[in-house]
Protein chains: 2
Amino acid sequence: MIRVVVLGLGNVGTHLSTAFVKSDLVQLVQVYNRSARPVEDALYRIPFTNKLHDLADADVYLLCISDDQIHEVATQLSKVDGLIAHTSGTVAMEQIPRRSRRGVFYPLQSFSKGIDIDFSKVPVCIEAEEDDDLKLLSQLGNSLSDQVVAISSEQRKKLHLGAVISNNFVNYLYQVAAAYLEENELDFQLLQPLIEETARKLNDLSPLEAQTGPAKRNDQQTIKNHLHLLSDSPHQHLYELMTDAIRTTYGKKL
Amino acid sequence: MIRVVVLGLGNVGTHLSTAFVKSDLVQLVQVYNRSARPVEDALYRIPFTNKLHDLADADVYLLCISDDQIHEVATQLSKVDGLIAHTSGTVAMEQIPRRSRRGVFYPLQSFSKGIDIDFSKVPVCIEAEEDDDLKLLSQLGNSLSDQVVAISSEQRKKLHLGAVISNNFVNYLYQVAAAYLEENELDFQLLQPLIEETARKLNDLSPLEAQTGPAKRNDQQTIKNHLHLLSDSPHQHLYELMTDAIRTTYGKKL
């Protein structure tokens, strides 16, 4: 059994803690949160503290706190014997002081309150200085997920940028579409099967192969009609930019 | 049984024909294609023609051809008794000559060659001039799908614009992320669970509620790091534009 203390009960900490409770390979010995106790049923019986000097003995201390607190909280953990790993996509491992055993345990997924995640499909990106610590994080990752990959801090930052584009920016486009349909009294949920299929399709096709639509075909009549529909919209410029970018991509390939 | 002739065996025509063959409520009496016979096993036994003057008798003639051919092909069908419906998201019903019974049967999904689609989840948007014809298209739609909605040509164009944003533009962002990761020797498939969850989540949350990330949090350090990572990239401008747009959306809400 790997003994784990989770520090921080935001979305990442809560989802990870709940997943560890279900695992036979992990013992969640304590959860720490600066303020409130956990309210989830699954975590109710786990020992709780809001004092950093009261942490239990553990093999791994997982920092599930905001990026800008990682250095400060890790510094306060200088006396623990276990491995200290943060869970951020962007913060370098070196933000944890070198006098500690240090590492990274980054689950590559977007967690939302109240929405269950199948952890077996969440890639876990790990990093550590010592081979034994990397092995420990690998075992911890495998207790939840089918996919554990060792990635350096530099590469992890790049992966996180890819995640921001594929998740945050994509979700913003959903916002634009939803707002436009709502203004026109159309149900955004009509697009849900298309949206899910657009994502699912990437299991079989690269995004370059999967591209369709008027911009790729350079269907000028449809593009003109769409720009006309958006003539009073703040999103006309975005439409032009995306359309030009797609045209350029496929124009170059002709 | 509704007797159907499908005209055109591109992606839409092939997927629709294959789905009709499986339906007990529809008899696919003939497929027309300008050039080649269908090669799919499921369509091999369906009577085939490449001559518009040789069309079989049917209740519905479904035009699954490119937008700019709809008017011309429909004009050549002036002698058929059945209902003529096109399957385009953008073309007005009136592009089919008024001397014909005319309608629209628009399946709101992105079809790719060789990738199966569960038609029961594909919304079918229908339109017709006569009540009986609308009823016929509704029955035809229900033979495949759980969701059939009557939508005017004007509203359908707007829905199609929403689809372009949510599918074509989103897929372009996947391209940008994939190209960036590939350049940096990272596997784009690591993002696949995140991409699918970003789409799936919209069943439970509006895109406004689902937004996360550095732009929403106005996390200036991460944004600065990302812009630095993209300093030699043609996509730096896109990153700035999307980030500013998200910041503006949530800044206004503070």
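Because the structure is predicted, anything quoted here is derived from the model rather than measured.

Draft legend 1. Representation of the overall build of chain A. If you tally the helices and strands in chain A, you get nine helices and eight strands. Counting all 254 residues of chain A, 57% fall into the buried class. When contacts within chain A are restricted to residue pairs at least 6 apart in sequence, those whose partners lie at least 24 apart make up 53%. Summed over its atoms, the accessible surface of chain A is roughly 11700 Å², and 46% of this surface lies on carbon and sulfur atoms. For chain A, the distance from the average position of its 25 positive side-chain charges to the average position of its 33 negative side-chain charges is 3 Å.

Draft legend 2. Main features of the nonpolar core. One finds Leu191 of chain A together with Leu191 of chain B to be the most contacted residues of the largest nonpolar core, which totals 82 residues. Once residues lying within four places of it in the same chain are set aside, the contact partners of Leu191 of chain B are Leu108, Leu159, Gly162, Ala163 and Ser166 of chain A together with Ala177 and Leu181 of chain B.

Draft legend 3. A look at the interface of chain A and chain B. Taken together, the 83 residues of chain A in the interface contact 83 residues of chain B. Regarding the contact of chain A and chain B, the summed buried area is about 7700 Å², with carbon and sulfur atoms giving 68% of it. Along the contact surface separating chain A from chain B lie 34 residue pairs in polar contact (both at pLDDT 80 or more). Broken down by secondary-structure element, the contributors of at least two residues to the side of chain A that touches chain B are helix H4 (153-183), helix H5 (192-200), helix H6 (207-210), helix H8 (220-229) and helix H9 (236-253) of chain A. At 26 residues, the largest contribution of residues to the side of chain A that touches chain B is made by H4 of chain A.

Draft legend 4. The arrangement of the sheet that holds strand E5 (residues 83-86) of chain A in detail. Residues and elements named next belong to chain A. Taken together, the eight strands give an open sheet; going across it, the order is E3-E2-E1-E4-E5-E6-E7-E8, and neighbouring strands pair in mixed fashion. Since the sheet does not close on itself, it has two edges, and those belong to strand E3 (48-49) and strand E8 (148-150), each with one partner. Taken together, the four bridges between strand E1 (residues 2-7) and strand E4 (residues 60-63) define a ladder with parallel strand orientation. What sits directly across from Val6, in E4, is Leu62. On top of the sheet, helix H1 (residues 11-22) reaches E1, strand E2 (26-32), E4 and strand E6 (102-107); it is set at about 145° to E2, its chief contact. Lying over the sheet, helix H3 (residues 131-142) contacts E1, E2, E4, E5, E6, strand E7 (124-128) and E8, oriented at roughly 165° with respect to E7.

Draft legend 5. Region of interest: the side chain of Asn171 of chain A. Relative to the helices and strands, Asn171 of chain A is located in helix H4. Sequence-distant contacts of Asn171 of chain A, that is, excluding residues within four places in its chain, are made with Thr198, Leu202, Pro207, Ala210 and Gln211 of chain B.

Draft legend 6. Up close: the side chain of Thr87 of chain A. Among the structural elements, Thr87 of chain A can be located in the loop between E5 and E6. Excluding its chain neighbours within four sequence positions, the residues that come into contact with Thr87 of chain A are Val12, Leu16, Leu62, Leu63, Cys64, Phe105, Tyr106 and Pro107 of chain A.

Draft legend 7. Local environment of the pairing of strand E2 (residues 26-32) of chain B. Residue and element names in this part refer to chain B. The buried count for E2 comes to six of seven residues, which makes it a mostly enclosed element. Summarising the sheet, strand E1 (residues 2-7) and E2 pair through six bridges and their orientation is parallel. From the neighbouring strand, Val5 faces E2, where its bridge partner is Gln30. For the crossover from E1 across helix H1 (residues 11-22) to E2, the handedness is right-handed.

Draft legend 8. Just the confidence of the model for chain A, in detail. Averaged over chain A, the pLDDT score is 94; the fraction of residues at 70 or greater is 99%. With pTM at 0.93, the complex prediction returns an ipTM value of 0.94.

Draft legend 9. Representation of the environment of Tyr44 of chain A within the structure. Residue position: Tyr44 of chain A is located in the loop between E2 and E3. When sequence neighbours within four positions are dropped, the list of residues in contact with Tyr44 of chain A reads Arg37 and Pro38 of chain A.

Draft legend 10. Molecular detail of the pattern of salt bridges. Scanning the model with the defined rule gives 18 salt bridges over all chains in all. The partner of Asp59 of chain A in a salt bridge is Arg3 of chain A, and the shortest N-O contact between them spans 3.3 Å. Residue Asp59 of chain A is located in the loop between E3 and E4, and its partner Arg3 of chain A is located in strand E1; the two are separated by 56 residues in the primary sequence. Its relative accessible area of 31% is what places Arg3 of chain A among the partly exposed residues. For Arg200 of chain B, the salt bridge is made with Glu197 of chain B, and the minimal N-O distance between the two is 3.1 Å. Note that Arg200 of chain B and Glu197 of chain B are positioned in helix H5 (residues 192-200) at a spacing of three residues, about one turn of the helix.

Draft legend 11. Broad picture of the sheet that holds E1 of chain B. Residue and element names in this part refer to chain B. Pairing within the open sheet is mixed, and its eight strands lie in the order E3-E2-E1-E4-E5-E6-E7-E8. At either margin of the open sheet sits one strand with a lone partner, and together these are strand E3 (48-49) and strand E8 (148-150). Against the sheet, H1 touches E1, E2, strand E4 (60-63) and strand E6 (102-107), its axis set at about 145° to E2. Against the sheet, helix H3 (residues 131-142) contacts E1, E2, E4, strand E5 (83-86), E6, strand E7 (124-128) and E8, and its axis sits at roughly 165° relative to E7.

Draft legend 12. Fine view of the relation of the copies chain A and chain B. The two copies are related by a screw operation: chain A maps onto chain B through 180° of rotation and 0.0 Å of translation along the axis, at an RMSD of 0.0 Å. In short, the pair behaves as if placed about a two-fold rotation axis. Identified as the residue of chain A closest to the rotation axis by C-alpha distance is Val170 of chain A, at 2.8 Å. Comparing interface residues between copies, 100% of those in chain A also lie at the interface in chain B; the contact surface is shared.

Draft legend 13. Highlighting H4 of chain A. All names here are of chain A. Over its 31 residues, H4 extends 44 Å from the first C-alpha to the last, a length consistent with the 45 Å expected when each residue adds 1.5 Å. If you look at H4, its biggest bend is around 30°, right at Val164. Burial of H4 is extensive: 25 of the 31 residues sit out of reach of the surface. At the C-terminal side of H4, Glu185 shows a positive phi close to 55°.

Definitions and limits used
Residues numbered from 1 in each chain as written. Chains lettered and ligands numbered in written order. Predicted model: local features only at pLDDT ≥ 70, side-chain atom pairs only at ≥ 80, totals over all residues. Heavy atoms only, no water. Helix = DSSP H or I, 4+ residues; strand = E, 2+ residues; numbered from the N terminus. Buried < 20%, exposed > 50% of the residue type's maximum accessible area, 1.4 Å probe, protein only. Contact = heavy atoms within 4.5 Å. Areas by Shrake-Rupley, 256 points an atom, 1.4 Å probe, with all protein chains shown as cover. Lys, Arg positive; Asp, Glu negative; His and termini not counted. Charge placed at Lys NZ, Arg CZ, Asp CG, Glu CD. Core = buried A, V, L, I, M, F, W, Y, C linked by side-chain atoms within 4.5 Å. Buried area = accessible area lost by both parts, 1.4 Å probe. Polar contact = N/O pair within 3.5 Å; in protein donor to acceptor, adjacent residues only side chain to side chain. Pairing = 2+ DSSP bridges. Axes fitted to C-alpha atoms, helices over the stretch in contact; angles between N-to-C directions. Right-handed = clockwise from strand over helix to strand, strands pointing away. pLDDT = per-residue confidence, 0-100. Salt bridge = Lys/Arg side-chain N within 4 Å of Asp/Glu carboxyl O. Least-squares fit on C-alpha atoms with pLDDT ≥ 70 in both. Expected span 1.5 Å × (residues − 1). Bend = angle between axes of the 7 residues up to and from the residue.

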